[in-house]
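Each chain, letter by letter, is given below.
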Amino acid sequence: MLRINDILDKVQSYLPTDQMEMIEKAYIFSASVHQGQIRLSGEPYLSHPMEVCGILADMKLDTATLVTGLLHDTVEDTLTTLEQIEDYFGKEVAFLVDGMTKIGKITFGSKEKRQAENYRKMILAMSTDIRILLVKLADRVHNMRTMEFQSPEKQVQISQETLDLYAPLANRLGINWMKTELEDLSFRYIDTKAYNSLVLRIEQKQDKRNEYTNEVKKVIHQEMERFNIRGELEGRAKHLYSIYKKMKEQKIDFDEVYDLIAFRIILDSDAVKDCYEALSMVHSLWKPVQGRFKDYIAMPKANHYQSLHTTVIGPYGERVEIQIRTKAMHAWAEGGIAAHWRYKEGRDISKDDEEIKKLRDLLEVQQEVENPREFMSNLKIALFAEDVYVFTPTGEVKAFPKGATPIDFAYSIHTDVGHQCIGARANRSIVPLKYQMQNGDRIEIITQAGHHPSKDWLKYAVTSRALSKIRSWIKAEEKEKSLALGQDLIDREFRKHHLKLGQVAKTPEMQELLKELHVDSLEDLLSVVGFGRVSPKHVARHFLPEEEIKKEETTEKKQRKDAGSEAIGVSLTGVDDIMVNFGKCCHPIPGDDIIGYISRGRGIIVHTTSCPHVRDMDPERLVNVHWDKVAKKEYQVEMKVVCHDNKGVLAELSSAISALDINIVHANVNTETGGRVTCSFGVNVEDLHQFNQLVQAIRKLRWVISVDRIRPS
């Protein structure tokens, strides 16, 4: 376990003596309140805040941040109050500790909401002081280092969260060592088999790689001396997760990953021109690989990373990646914002930095998003590295995520420019709005007053800002339409029963109905009816005599019986008499994981959660639904059977389907070359279990090659 003297040794080079006394005081306080608490590893709980503080000390952060590292769990996990923290350590530390306190004390309806609110609180606190985020990142690093003591389920859950959010956050802050460590540790638990396999294969080639590294370094050293280029030269293997990601993205085997080693020239000089001179030296030694040169000095990454990257054909025809940067660039590349700060007594290090402001602005855009699913999706988009650089007509460089379109460009200028965008030019040529911008493009936006966003734009926009603005406009427009539609639907239903909405609008019965449906006003009621969340029939019945309701229900029951159908088979918790339809794109059947989409006038459309159309839907209108186990109904499902072209095959298939008392709705048979037949069937089944029984029965037939359920593409 790290000792307090170890921490003090780390900070004595940059903190005055009186500040070190504050750290000792925090250590004694933390040891006192955490006394008797044990971690899952069996170590005293104090080992965790000590390690967190040690990480922060390595990053050379200020006293308040180090003290927060020692105290960050005291309010959550002990009887300590924020008032005590403020009395002993001051308002600044109390604020930072409060920012670190988890959201778990607040009750939310779902795990998704809890996670979204946790991050929302973190971002709100960070908008006042980004040091909270740095402590959270250090906290996560140590928790990931000791992940082996968690259950397998927790290991995967926490590692996925780390990979999705904390590693990208470290990347956006420019803290490279933290980003790579979090990625590798997450990879270890998310895909243990792939991780261990990769470690083994790298170890098997370790000696050969070391020999090659030394040979390349020797050649570069000689050239640096010949050209009088002063600086350090490093050669190291790329981190595991980056290798794994490359293999997956490019669909290649480990043996096909050529540039496993990255060499880095760190110049003593701070002159940018010296980086380009070193680049010329490298290219005079070895031939550069076309398309693999990146100038992050002229166009820095979104996290302000600067360096020259080139890949060359090195000794023995091996590809070699070489990075060239100054010492100042290297300090930023490894430590990011933390390296940029230098402690100065009396200065508020949470302010005045352009880097902090940009990150804060990036994340504060998300605060207006209320839906937790949309919030988490936008946050992940916002955090991933931006790697496409384009020019405005005035020559300003703008950075966007890969795949960004002119729609994203338009909204980055102003919301009104985005809303009124009707076209774009890339390098003076007209391009469609779905055009994916390329590095170096000069983009111009064509606008038209009175033009409005299209729902299709959600398919092409990539940035969280653009997506958020488009959804907000669509939501406002659809609310207006839903009000008009809701008014019309209720008026029509009321007329059947000789009622008028105006006569019942201010009655006690209306207040009861609003309370029952959890809406605040008559306008909200009209809106939910227009959206299809509540049927107009349910509203009208609230104002009818009991006898008339029973008479109407009897008539409806008889009509359903005559039609030969039962209940719809889907329930939305807390709401009765709701209109439900099933998506014709994915044909959900009982047993499938499903989700509902609130449509205007058609009630809820039920889709499978895997349906690709769900990805493009407005998250605000998605609701959780579940199958009603009581209701019995038949559902159509599409299936494809591939078999050998033999006499009697179709008869055998029909017989197998009929044997399970399953009705064939339609059938289509296509004979293919190579003696194969593809049969497409539409069949009616009660649930997924019955469909799986059918699949097993067909697979047993002697001529059958494969059986698959047809899902949307």
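Residues numbered from 1 in each chain as written. Predicted model: local features only at pLDDT ≥ 70, side-chain atom pairs only at ≥ 80, totals over all residues. Heavy atoms only, no water.

Colleague: Before we move on, can you summarise the overall build of the protein chain with the specific residues and values?
Modeller: Along the protein chain, the regular secondary structure elements total 29 helices and 21 strands. The proportion of buried residues among the 713 residues of the protein chain is 48%. Expressed as a percentage of contacts within the protein chain between residues at least 6 apart in sequence, the contacts between residues at least 24 apart total 66%. Accessible area of the protein chain: about 36300 Å², with a carbon and sulfur share of 49%. (Helix = DSSP H or I, 4+ residues; strand = E, 2+ residues; numbered from the N terminus. Buried < 20%, exposed > 50% of the residue type's maximum accessible area, 1.4 Å probe, protein only. Contact = heavy atoms within 4.5 Å. Areas by Shrake-Rupley, 256 points an atom, 1.4 Å probe, with all protein chains shown as cover.)

Colleague: So what's going on with the packing of helix H9 (residues 131–145) against helix H10 (residues 152–172)? Residues and values would help.
Modeller: When two helices pack together, you describe them by how their axes are tilted relative to each other and by the distance separating the axes. One can describe the packing of H9 onto H10 by two numbers: an axis separation of 11 Å at closest approach and a directional angle of 140°. Our classification of the angle between H9 and H10 gives oblique. Crossing geometry of H9 relative to H10 is assigned as left-handed. Seen from H9, the contacting residues are Leu133, Lys136, Leu137, Arg140 and Met144; seen from H10, they are Ile158, Ser159, Glu161, Thr162, Tyr166, Leu169 and Ala170. Looking at side-chain class alone, the contact of H9 with H10 contains seven nonpolar, two polar and three charged residues. (Axes fitted to C-alpha atoms, helices over the stretch in contact; angles between N-to-C directions. Parallel < 35°, antiparallel > 145°, perpendicular 65-115°, else oblique. Left-handed = near helix turned anticlockwise from the far one by under 90°. Nonpolar A, V, L, I, M, F, W, Y, C, P; charged D, E, K, R; others polar.)

Colleague: Now, about the packing of aromatic side chains: what can you tell me, with residues and values included?
Modeller: On inspection of all chains with the given rule, the structure shows 14 aromatic pairs. Plain terms: the ring middles of Phe187 and Tyr195 are 5.4 Å apart, the flat faces sit at 75° to each other, and that makes the pair edge-to-face. As far as burial versus exposure is concerned, Phe187 and Tyr195 are alike and both buried. With a centroid separation of 5.9 Å and an interplanar angle of 70°, the aromatic rings of Tyr296 and Tyr305 are classed as edge-to-face. (Phe/Tyr/Trp six-rings, centres within 6.5 Å; stacked < 30°, edge-to-face > 60°.)

Colleague: Can you tell me about the sheet that holds strand S18 (residues 635–644), naming the residues and giving the values?
Modeller: Read from one edge of the open sheet, four strands run S19-S20-S18-S21, paired in antiparallel fashion. Taken across any chain shown, the strands that pair with only one partner, and hence form the sheet edges, are strand S19 (663–672) and strand S21 (704–709). Averaged over all adjacent pairs, the angle separating strand axes in this sheet is 20°, with direction ignored. With five bridges joining them, S18 and S21 adopt antiparallel strand pairing. Counted as the bridge partner of Met639 is Arg709 from S21. Across the face of the sheet, helix H28 (residues 649–659) comes into contact with S18, S19, strand S20 (676–685) and S21 while running at roughly 20° to S20. Helix-sheet contacts for helix H29 (residues 688–699) involve S18, S20 and S21, and the interaxial angle to S21 is about 165°. (Pairing = 2+ DSSP bridges.)

Colleague: Run through H10, naming residues and quoting values.
Modeller: Here H10 contains 21 residues, and its C-alpha end-to-end distance of 29 Å stays within 8% of the 30 Å for a straight helix at 1.5 Å per residue. The largest bend along H10 reaches roughly 45° and is located at Leu163. Where burial is concerned, most of H10 is hidden: 15 out of the 21 residues are buried. Count one or two residues on from H10 and you reach Gly174, which has phi positive near 80°. (Expected span 1.5 Å × (residues − 1). Bend = angle between axes of the 7 residues up to and from the residue.)

Colleague: Residues and numbers for the pattern of salt bridges, please.
Modeller: Taken as a whole and assessed by the stated rule, the structure comprises 19 salt bridges. Asp274 is the partner of Lys273 in a salt bridge, and the nearest nitrogen-oxygen pair spans 3.2 Å. Judged by relative accessible area, Asp274 falls into the buried class, the value being 17%. Glu493 is the partner of Lys496 in a salt bridge, and the nearest nitrogen-oxygen pair spans 3.4 Å. Taken together, the residues span about one helical turn, with Lys496 and Glu493 both in helix H22 (residues 464–496) at a distance of three residues. A relative accessible area of 60% means that Lys496 is categorised as exposed. Within the structure, one salt-bridge network assembled from shared partners comprises Asp62, Glu92 and Arg131. (Salt bridge = Lys/Arg side-chain N within 4 Å of Asp/Glu carboxyl O.)

Colleague: Can you explain the pairing of strand S14 (residues 594–599)? Please cite residues and give values.
Modeller: Among the six residues of S14, six are classified as buried, and the element is accordingly described as predominantly covered. Covered by surrounding structure in S14 are Ile594, Gly596 and Ile598 together with Ile595, Tyr597 and Ser599, the residues of both alternating faces. By the bridge criterion, two bridges tie S14 to strand S16 (residues 622–623) in an arrangement that is antiparallel. From the neighbouring strand, Tyr597 faces S16, where its bridge partner is Leu622.

Colleague: How would you explain helix H1 (residues 4–11) if you had to name every residue and give the values?
Modeller: Those residues of H1 that sit buried are Ile4, Ile7, Leu8 and Val11. Projected down its long axis, H1 carries its buried residues within an arc of 100°, all on one side. Those residues of H1 that are buried lie in contact with helix H2 (17–33), helix H3 (47–58) and helix H4 (63–71). (Arc of directions from axis to C-beta.)

Colleague: Account for the side chain of Thr78, naming residues and giving values.
Modeller: On the secondary structure map, Thr78 appears in the loop between helix H5 (74–77) and helix H6 (82–89). Side-chain polar atoms of Thr78 contact the backbone oxygen of Thr74, separated by 2.4 Å. A distance of 2.8 Å separates the side chain of Thr78 from the side chain of Thr80, its partner in a polar contact. With sequence-adjacent residues up to four places away left out, Thr78 is seen in contact with Val33, His34, Gln37 and Asp73. (Polar contact = N/O pair within 3.5 Å; in protein donor to acceptor, adjacent residues only side chain to side chain.)

Colleague: Give me the lowdown on the pairing of strand S7 (residues 388–391), citing residues and values where you can.
Modeller: The sheet contact formed by S7 and strand S8 (residues 397–400) spans four bridges and is antiparallel. Across the sheet, the residue bridging to Val388 is Phe400, located in S8.

Colleague: Describe the sheet that holds strand S9 (residues 421–426), listing the residues and the values that go with them.
Modeller: Overall, antiparallel pairing links the three strands, which are arranged S10-S9-S11 in an open sheet. Whereas interior strands pair on both sides, the edge strands pair on one side only; in this sheet they are strand S10 (429–431) and strand S11 (443–447). Each adjacent strand pair in this sheet contributes to an overall mean axis angle of 35°, direction not counted. With five bridges joining them, S9 and S11 adopt antiparallel strand pairing. Within S11, the position partnered with Ala424 by the bridge is Ile445. Against the sheet, helix H19 (residues 406–413) makes contact with S9, S10 and S11, and its axis sits at roughly 80° relative to S11, the strand it touches most.

Colleague: Tell me about the confidence of the model for the protein chain, residues and numbers included.
Modeller: Of the residues in the protein chain, 83% have a pLDDT of 70 or more, and the chain-wide mean is 81. Segment residues 341–352: pLDDT under 50, and 27 contacts once partners within four positions in sequence are set aside and those in other chains are kept. Low pLDDT, under 50, characterises residues 573–577; the predicted model gives this stretch six contacts beyond four residues in sequence or across chains. (pLDDT = per-residue confidence, 0-100.)

Colleague: So what about the environment of Ala237? Which residues, and what values?
Modeller: Inspection of the secondary structure assignment puts Ala237 in strand S1 (residues 231–237). Each C-alpha atom, one on Ala237 and one on Phe263, is 8.7 Å from the other, the two residues being 26 residues apart in sequence.

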